[in-house]
Amino acid sequence: MREKRFILTLCGTSVLTNIARNQEERKLIRKCTNVKDKGDIPKKDREELERLLNYSKHKLSEADGFEATKMSAELNALNKLCSGFPKNRQDIHMLLCSDTWLGHEVAKGLSRWINTQLATEAINIQRQTDLQTQDVELFQNSLKDLIKKLYEELPSYSGSGHKVIFNLTGGFKPVQGFLQSIAHFFADECVYIFESSSVLLTMPRLPVELATPNSIKKHINFFRNIDLQPKNPIPSDIPDTLLLVSGRECTLSAWGDLIWNEAKKALYNERILDSPNENKIRYGKQFRRDINGIEQDRIFILNNRLDQLNRYLYDKKNLCSLDFKKLRGNPTPPSTHEFDAWADGAAYRVFGHFETDTFVLDKLAKGLH
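Cut-offs and rules
Residues numbered from 1 in each chain as written. Predicted model: local features only at pLDDT ≥ 70, side-chain atom pairs only at ≥ 80, totals over all residues. Heavy atoms only, no water. Helix = DSSP H or I, 4+ residues; strand = E, 2+ residues; numbered from the N terminus. Buried < 20%, exposed > 50% of the residue type's maximum accessible area, 1.4 Å probe, protein only. Contact = heavy atoms within 4.5 Å. Areas by Shrake-Rupley, 256 points an atom, 1.4 Å probe, with all protein chains shown as cover. Lys, Arg positive; Asp, Glu negative; His and termini not counted. Charge placed at Lys NZ, Arg CZ, Asp CG, Glu CD. Polar contact = N/O pair within 3.5 Å; in protein donor to acceptor, adjacent residues only side chain to side chain. Axes fitted to C-alpha atoms, helices over the stretch in contact; angles between N-to-C directions. Parallel < 35°, antiparallel > 145°, perpendicular 65-115°, else oblique. Nonpolar A, V, L, I, M, F, W, Y, C, P; charged D, E, K, R; others polar. Phe/Tyr/Trp six-rings, centres within 6.5 Å; stacked < 30°, edge-to-face > 60°. Pairing = 2+ DSSP bridges. Salt bridge = Lys/Arg side-chain N within 4 Å of Asp/Glu carboxyl O.

Assigned secondary structure in the protein chain consists of 13 helices and 13 strands. Projecting the C-alpha coordinates of the protein chain onto the three principal axes gives extents of approximately 75 × 55 × 40 Å. For the protein chain, the proportion of its 369 residues judged to be buried stands at 49%. Put simply, of all contacts in the protein chain between residues at least 6 apart along the chain, 61% involve residues at least 24 apart. As displayed, the protein chain offers around 18800 Å² of accessible surface, 49% of which is attributable to carbon and sulfur atoms. One way to put it: in the protein chain the 53 positive side-chain charges average out to a point 2 Å from where the 48 negative ones average out.

Structure representation (structure tokens):
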């Protein structure tokens, strides 16, 4: 049985630079690499770049595996990675490209070649917003958003038996370096081909575990509320590398987001945490009794529900998994509202009521029928 794989390929513009006829064309490509909208490029330059794009797509459409390896760093690695089973329809490809006109157009050309030569239709082009090298702050926010997407999407593939592979041969070097750093948490292996080499370098996942920094344990509610209260005072013992500070506002950096998500796996499984914000959520006596001794596999879920409730009380973002709603009639006073604790197996709800702007959690119990 053939191995199922999810292959994330970082895409750059190597196809264009490799077909450029002279230094002037390569200079033009570099000059316009970070431009998002082709309408912002002077007409003469735009027409020259369109000619290069169309020529590269035409050449790729006629290229076999050998020719494609000479044209594209990304396809060079993919060809060698897929050489044992080139027609594997179980492979799923994600092409991660920059949020630029040239980057997206090149990715579309690579996608068509993969579809034709590797016989797979499961190809997703991920044009990552603000993934460019011109604005550092936008670039950092883009990496943070990318981490969120990977946390949301990759578990479903690894959980269904796919081997997760990062192909980091192409693309911008800053993005290559970042993806290499986080690959130990998302990918089973990374593959590269260095510029003048024909050998595929494979690096397996290392058994890396991050110890939860003491500053996160100590200031856990700062991290739970950082997106909701970006102007909160910053504790002095939190490492600068975890944060992005702009004026009086603070958010997690891309690295901080990764560290926080990994820390949550440990901290959210230990026990039901205290209220994420005493001004918004307060635990009643019965609720405290109800959460004592709940099953281990429910602890993480309920901690996340409390975070979702905290967000809802700030911005009224009522997620389906939270399902915060008003009770009909008066079935279980003093509670006036309920939300999901967990829905699998015996469905449990948390019941509560408002005291001014504070939501008091009255009890954890089976849902009403």
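All right, on to the side chain of Ser335 then. Among the secondary structure elements, Ser335 is positioned in the loop between strand E10 (325–326) and strand E11 (337–342). Side chain to side chain, Ser335 and Asp362 meet in a polar contact 2.6 Å long. Among all residues touching Ser335, those that are not within four sequence positions of it are Leu327, Asn330, Phe351, Gly352, His353 and Asp362.

Before going further, it helps to spend a moment on unusual backbone geometry. Of note, the bond from Pro333 into Pro334 is cis; its omega dihedral lies within 30 degrees of zero at 5°. A positive phi is found at Asp323, a non-glycine position, where the angle reads about 55°. Following the sequence through the fold, Asp323 ends up in the loop between helix H13 (296–315) and E10. Non-glycine residue Thr356 carries a positive phi angle of around 60°. Counting through the fold element by element, Thr356 comes out in the loop between strand E12 (348–355) and strand E13 (358–366). Judged by relative accessible area, which is 75%, Thr356 ranks as exposed.

Now for the packing of helix H8 (residues 173–186) against helix H11 (residues 254–270). Running from N to C, H8 and H11 point in directions that differ by 10°, and their axes come no closer than 12 Å. Taken together, H8 and H11 sit at an angle that is classed as roughly parallel. Contact residues: H8 offers Phe178, Ser181, Ile182, Phe185 and Phe186, while H11 offers Ala254, Trp255, Leu258 and Glu262. Residue classes in the contact of H8 with H11 are distributed as 7 nonpolar, 1 polar and 1 charged.

On to the packing of aromatic side chains, then. What the rule picks out here adds up to 13 aromatic pairs. Ring geometry for Phe354 and Phe359: centres 4.9 Å apart, planes at 65°, overall edge-to-face. On the accessibility criterion, Phe354 (33% relative accessible area) is partly exposed. The exposure class assigned to Phe359 is buried, which follows from its relative accessible area of 0%. Among the aromatic side chains, those forming a connected cluster through ring pairs are Phe222, Phe223, Trp260, Tyr268 and Phe300.

Attention shifts here to the sheet that holds E13. Strand pairs in the sheet, formed through backbone hydrogen bonds, run parallel or antiparallel to each other. Strands sit in the order E9-E13-E12-E11-E10 across an open sheet of 5 strands; the sheet is mixed. Looking along the sheet, the strands with just one partner apiece sit at the ends: strand E9 (281–283) and E10.

Take the pattern of salt bridges next. Applying the stated criterion across every chain yields a total of 25 salt bridges. Close ionic contact of Lys163 with Glu189 constitutes a salt bridge, the shortest N to O distance being 3.1 Å. Taken as a pair, Lys163 in strand E4 (residues 163–167) and Glu189 in strand E5 (residues 189–192) lie far apart in primary sequence, 26 residues in all. Given a relative accessible area of 23%, Lys163 falls into the partly exposed group. Residues Glu262 and Lys265 are paired through a salt bridge, measuring 3.1 Å at the closest nitrogen-oxygen approach. Of this pair, Glu262 and Lys265 are both found in helix H11, 3 residues apart, which corresponds to roughly one turn of the helix. Residue Lys265 is classed as partly exposed on the basis of its relative accessible area of 42%.

The values are spatial; any link to function lies outside them.
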